[in-house]
Amino acid sequence: MRPLLFFAFLFFLQFSAAQKTIYFIPGTGADGRLFERIHIEQYDTVWLEYLVPEKKENFSDYTDRMAEQIDTSEAYSIVGVSLGGMIATELAERLNPEEVIVIAGAKRASELPNHYHLFRYLPLHRVMGGRSMIWGTKLMQPLFEPMEKEQQEVFRDMISQKSPHFIKSAVRWMINWEREEYQADIYHIHGAKDHTLPIKNVEADYVIEDGGHMITYDRAKEISALLNEVIR
């Protein structure tokens with residue numbers, strides 16, 4: 001009986017460890033492929049699907065709808081990248097996650113680049129269509145954030161799959177985001193050479209040297225090690 005009890009105990013430990021889910025929220029132009037190289041040792045992982053925004057939906061209401069994809073009846077943590085980091089920051093206040101990690105994102109409006117705030121008063125984004133934003137991002141992003149050929153192909157395919165309405169809404173949310181206060185225990189990982197959200201504006205807990213905005217994908221081994229250290 002003792003060997004049976006021992007193996008039953010091991011099974012119980014494994015089952016208990018699985019009762020926690022890590023929810024990943026990708027950036028504006030990304031999807032679950034952003035996390036395909038991330039390895040979490042003990043827990044189940046789920047990446048959230050971006051919903052189609054309702055007409056003129058504000059960021060607060062959209063975040064509430066995104067939260068409906070999270071099973072709060074069991075233990076969970078949230079990891080958000082870029083826009084996903086903003087959503088994770090909002091959810092940290094509304095829900096009760098065990099950990100919240102922001103990667104290459106912002107926890108408050110002042111961590112966004114200055115031109116985001118300028119667009120509040122010079123709202124060029126209002127006259128641009130979502131398709132134009134997608135085209136411009138596909139063209140310009142690799143120039144601001146150098147990528148290997150494989151990464152460029154993945155990035156361009158991910159953003160090509162996005163709804164123009166979602167992209168236009170996401171730009172509006174980022175420009176109009178007003179949060180300055182955030183939960184003190186949010187853990188922030190950022191790249192030292194992130195040109196999309198420059199490190200000079202950011203208070204990060206850990207800085208990836210020579211890392212750009214795509215550190216979740218191209219520095220996945222380091223990010224995985226950090227996540228496994230932070231998530232308990």
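Use the structure listed above.
Residues numbered from 1 in each chain as written. Predicted model: local features only at pLDDT ≥ 70, side-chain atom pairs only at ≥ 80, totals over all residues. Heavy atoms only, no water.

What follows is about helix H9 (residues 220-230). Within the sequence span of H9, burial applies to Ala220, Ile223, Ser224, Leu226, Leu227 and Val230. One side of H9 holds all its buried residues, which, seen down the axis, span an arc of 165°. Turned more than 90 degrees from where H9 packs its buried face, Lys221 and Glu229 sit exposed. Next to the buried residues of H9 lie strand S1 (20-25), strand S3 (75-81), strand S4 (100-103), strand S5 (187-191), strand S6 (206-208) and helix H8 (215-218). (Buried < 20%, exposed > 50% of the residue type's maximum accessible area, 1.4 Å probe, protein only. Helix = DSSP H or I, 4+ residues; strand = E, 2+ residues; numbered from the N terminus. Arc of directions from axis to C-beta. Contact = heavy atoms within 4.5 Å.)

Let us look at the nonpolar core. Ile25, Tyr50, Leu83, Met86 and Phe166 are the most contacted members of the largest nonpolar core, which has 34 residues in total. Counting only elements with at least two residues in this core, the list comes to S1, helix H2 (59-67), S3, helix H3 (83-94), S4, helix H5 (130-144) and helix H7 (164-176). Of all the elements, H3 adds the most residues to this core, at six residues. Dropping the residues within four chain positions of it, Phe166 is found in contact with Thr28, Tyr50, Leu51, Pro53, Tyr62, Leu83 and Trp173. Leu34, Phe35, Ile38 and Ile101 belong to the second-largest nonpolar core, a separate cluster that totals 29 residues. (Core = buried A, V, L, I, M, F, W, Y, C linked by side-chain atoms within 4.5 Å.)

Glancing now at the sheet that holds S1. Spatially, six strands are ordered S2-S1-S3-S4-S5-S6 in an open sheet, and the strand pairing comes out parallel. If you trace the sheet from one side to the other, it starts and ends with strand S2 (44-47) and S6, each paired once. The average undirected angle you get between the axes of adjacent strands in this sheet is 20°. The pairing of S5 with S6 spans three bridges and is parallel. Bridge pairing links His190 to Val207 in S6. Sitting on the sheet, H3 is in contact with S1, S3 and S4, with an inclination near 145° to S3. (Pairing = 2+ DSSP bridges. Axes fitted to C-alpha atoms, helices over the stretch in contact; angles between N-to-C directions.)

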